[in-house]
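Now for the letters of each chain:
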Amino acid sequence: MIRPAQISDVSPIVALVNSYVTQGDLLPRSREQVIQTIRDWYVADIEGQVVACGALVIIWDDLAEVRSLAVRTGFQGQGLGRHIVEKLLDEARQLGISRVFALTRAVGFFTGLGFQITPKETLPRKIWRDCIHCLKFPACDETAVILQVFPEIHLNGEGSSVHAGSES
C-alpha cells in the first residue's frame, strides 16, 4: 500500500498536493518539480489510486525535511499519513540522516509521532534555501517540528563520529 512513487504517479501527486494549496496548508508543487524529485516521494496506493503522498527532501548531511504530506479527503484518519511518515523516517535512517523536521500546521499529528517543536531559527539551511523564496516569508504561520532519528551522535576517542549504541 505504501510504496516509492513512480513516474505514473506524478499527475496524481501534483493534484493531491495542490488541492491543499488554496486552504494555505501546503505550498504548490509543479509537475516539473515532482518529476525532478520523484525519488523523494512515497505514496499510498489503494486499488491503483494515489490517496496520500509525502516526500523526504535532504537539506544537509544530517538533516532532511518531510514535505508535502497530503491525504485525500475521505481517506483521512486511517493512518495513511502516519505510514508515509514512517517510511520517510526509515529512508532517513537508511541514508544515515540523523534529524528530520517538518514545517506544519498539523503540530499534533507530528508530535504524536515523536517530533518536538523547535524554533525555526534552528533550521537556517532550510530558511536560506527555501523559505526566503516563499510568499509567506518572513511571516510564516507554520510551526517547526523535529525528530532525532538516531540517538545523539558522539565522538569516539579517535575523533570519528559514531551513533550511540553502534559498534562501528
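Note that the coordinates shown come from a computational prediction; the quantities given were computed from them, not determined experimentally.

How would you summarise the overall build of the protein chain if you had to cite specific residues and measurements?
Regarding its fold elements, the protein chain presents five helices and nine strands. In sequence order, the protein chain lays out its α and β elements as β-α-α-β-β-β-α-β-α-β-α-β-β-β. For the protein chain, buried positions account for 40% of its 168 residues.

Describe the side chain of S68, naming the residues involved and giving the relevant values.
Within the secondary structure, S68 sits in strand β4 (residues 63-71). Residue class for S68 comes out buried when judged on its relative accessible area of 7%. A distance of 3.0 Å separates the side chain of S68 from the side chain of R29, its partner in a polar contact. Discounting chain neighbours no more than four positions away, the residues touching S68 are V17, L26, R29, W41, C53 and G54.

I'd like a rundown of the packing of aromatic side chains, residues and numbers included.
Here the distance between the centres and the angle between the planes together describe a pair of aromatic rings. Following the criterion strictly, the structure yields two aromatic pairs and no others. Measuring from centroid to centroid gives 5.1 Å for F109 and F110, while their planes differ by 85 degrees, and the two rings are edge-to-face. On the numbers, 5.2 Å between centres and 80 degrees between planes, the contact of F110 with F115 is edge-to-face. Comparing F110 with F115 shows no difference in burial state: the two are buried. Members of the aromatic cluster, joined through ring pairs, are F109, F110 and F115.

Tell me what's going on with the pattern of salt bridges, and back it up with residues and numbers.
What the rule picks out here adds up to seven salt bridges. Look at the salt bridges and you will find they share partners, linking R3, D9 and D45 into a network.

Quick rundown of helix α1 (residues 10-18)? Include the residues and the values.
Those residues of α1 that fall on the buried side of the exposure criterion are V10, I13, V14, L16 and V17. Seen along its axis, α1 keeps its buried residues to an arc of 170 degrees; they face one direction. Looking at the buried residues of α1, the elements they touch are α2 (31-36), β2 (41-46), β3 (49-60) and β4.

Pulling in residues and values, what's your account of the pairing of strand β5 (residues 99-104)?
With five of six residues buried, β5 is to be regarded as a mostly interior element. Bridging between β4 and β5 involves three bridges; their strand directions are parallel. The residue of β5 that forms the bridge with L63 is R99. With respect to chirality, the unit in which β4 leads through helix α3 (residues 80-95) into the neighbouring parallel β5 is right-handed. Relative to strand β7 (residues 143-148), β5 runs antiparallel, the two sharing six bridges. Bridge pairing in β7 links F101 to I146.

Break down the nonpolar core for me, with residues and values.
Within the largest apolar cluster, 25 residues are counted, with the highest numbers of intra-cluster contacts made by V66, I84, V100, F110 and F115. Counting only elements with at least two residues in this core, the list comes to β2, β3, β4, α3, β5, α4 (107-111) and β7. Looking at this core element by element, the count peaks at six residues for α3. Non-local contacts of V100, meaning those with residues more than four positions away in its chain, are made with L56, A64, V66, L89, A92, F115, V145, I146, L147 and V149.

What counts and what doesn't
Residues numbered from 1 in each chain as written. Predicted model: local features only at pLDDT ≥ 70, side-chain atom pairs only at ≥ 80, totals over all residues. Heavy atoms only, no water. Helix = DSSP H or I, 4+ residues; strand = E, 2+ residues; numbered from the N terminus. Buried < 20%, exposed > 50% of the residue type's maximum accessible area, 1.4 Å probe, protein only. Polar contact = N/O pair within 3.5 Å; in protein donor to acceptor, adjacent residues only side chain to side chain. Contact = heavy atoms within 4.5 Å. Phe/Tyr/Trp six-rings, centres within 6.5 Å; stacked < 30°, edge-to-face > 60°. Salt bridge = Lys/Arg side-chain N within 4 Å of Asp/Glu carboxyl O. Arc of directions from axis to C-beta. Pairing = 2+ DSSP bridges. Right-handed = clockwise from strand over helix to strand, strands pointing away. Core = buried A, V, L, I, M, F, W, Y, C linked by side-chain atoms within 4.5 Å.

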